[in-house]
Every structure is written in structure tokens, then in C-alpha cells.
Amino acid sequence: EYGRQNTEVVMLLHGGGLSWWNYQGVAQKLAERYQVVLPVLDGHAGSDAPFTTIEDNAAALISYIDTCFGGQILAIGGLSLGGQIAVEMFSAKPAGYYDAILMDVQMPVMNGYEAARAIRAMDRPYAKEIPIVAMTANAFADDVLKCRQAGMNEHIAKPFHVEDLTRVLRAY
């Protein structure tokens, strides 16, 4: 964990092992304003548990958030393991549970465009309203347009500035 306790929490998911290093710089930047948590999903390097299903990992993350943070965190990012985790986690909670979704675009199995479309297609009014923010290295004008067409509200290019992320999140 990074940052100050008793501040808004940002969770960055990763596949364990060396992928943790990919988030070290981002975590340190975010830690200036937030408490940053980097859990290792079951079955990935650094985890003592065997690999489990996406649904089980999503349920475990929800349980962790409920237990450790009273069911509320500011944001979850870094779902580079696949957008289906974001879809599962979002669909498992009631309206108002999440304030925003930070969505990478380049992910295996289900990319960010597909995940955003799946969330927007859910038969829940909340699914149509929750802010989905693309956070991606795809930063050309046509990339921004693709994000909007997939149902994302905002686009932040990586590497990003914490001020830009904070500005976008506060707007919603």
C-alpha cells in the first residue's frame, strides 16, 4: 500500500510478479493524494492461492473492498487482466456502489471497448450513467472517438498527470 491512510482509496489491479513494477510510478504519484492498494489476484505470481475463475476473483475483490474499506473506494484501475473483471465486478453490486470506472483499452480476452459496451448494454439505469474513463496509451483523435463510441465518457492518455485524473473524477 502507498499513500495516506484514511483518504480516498484507489485500487490498481495487476497480475503479480513483475507487473507490479509497472504500477510503482503510478502508485507513487497517486499516493500524494490517495491511499493506493495493489492487491495480487489469486493464481497470479505473488499469490499463494491457485488460479481461480474471473467470477471468483471479482467476488474476492468485492469482499476485500467491503471488509477493508466499508464497501467504498474511489476507483479501481489497472484491469489489464481483462475487461471481463470490470464487467463482473460492476454487475455484482447495486447502483451507486461505484463512482466511476477507469478503463484501459488494450486488455486480453475482453478489451476496454468491449467491456464499456457490455456495461452500457446492461439492463440497469446505473449502467448507462456511471462515468467510464479511458486510461490508455492510445491517444490519437480516432482513439478518443473509439472510446466515446464504446460508451466511455472521458479519455486520459498515458502516461497521465494526477491532476488530470483528479479533475476528471471530481467532474462526476
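First, a word on scope: everything that follows refers to the structure included in this document.

Let's shift gears to unusual backbone geometry. Along the chain, Lys158 connects to Pro159 via a cis peptide bond; the corresponding omega equals -5°. Along the chain, Pro159 turns up in the loop between strand S8 (154-157) and helix H7 (162-171).

On the basis of which strands lie adjacent, the open sheet formed by 3 strands has the order S3-S1-S5 and parallel pairing. Here the strands that pair on one side only, and so sit at the sheet edges, are strand S3 (35-37) and strand S5 (75-77). With strand direction ignored, the average angle separating the axes of adjacent strands in the sheet is 20°. The sheet contact formed by strand S1 (residues 9-12) and S5 spans 3 bridges and is parallel. Residue pairing across strands places Val10 opposite Ala75, the latter belonging to S5.

What follows covers the sheet that holds strand S6 (residues 101-103). Each strand in a sheet pairs with its neighbour through backbone hydrogen bonds, running either in the same direction (parallel) or in the opposite one (antiparallel). Pairing within the open sheet is parallel, and its 3 strands lie in the order S6-S7-S8. Sheet topology places S6 and S8 at the edges, where each strand pairs with a single neighbour. Neighbour-to-neighbour, the strand axes of this sheet turn through a mean angle of 25°, independent of strand direction. Bridge analysis of S6 against strand S7 (residues 132-136) gives 3 bridges, and the strand direction is parallel. Bridge pairing in S7 links Leu102 to Val133. Across the sheet, helix H4 (residues 112-120) touches S6 and S7, and the angle it forms with S6 is around 150°.

Definitions and cut-offs
- Residues numbered from 1 in each chain as written.
- Predicted model: local features only at pLDDT ≥ 70, side-chain atom pairs only at ≥ 80, totals over all residues.
- Heavy atoms only, no water.
- Helix = DSSP H or I, 4+ residues; strand = E, 2+ residues; numbered from the N terminus.
- Pairing = 2+ DSSP bridges.
- Axes fitted to C-alpha atoms, helices over the stretch in contact; angles between N-to-C directions.
- Contact = heavy atoms within 4.5 Å.

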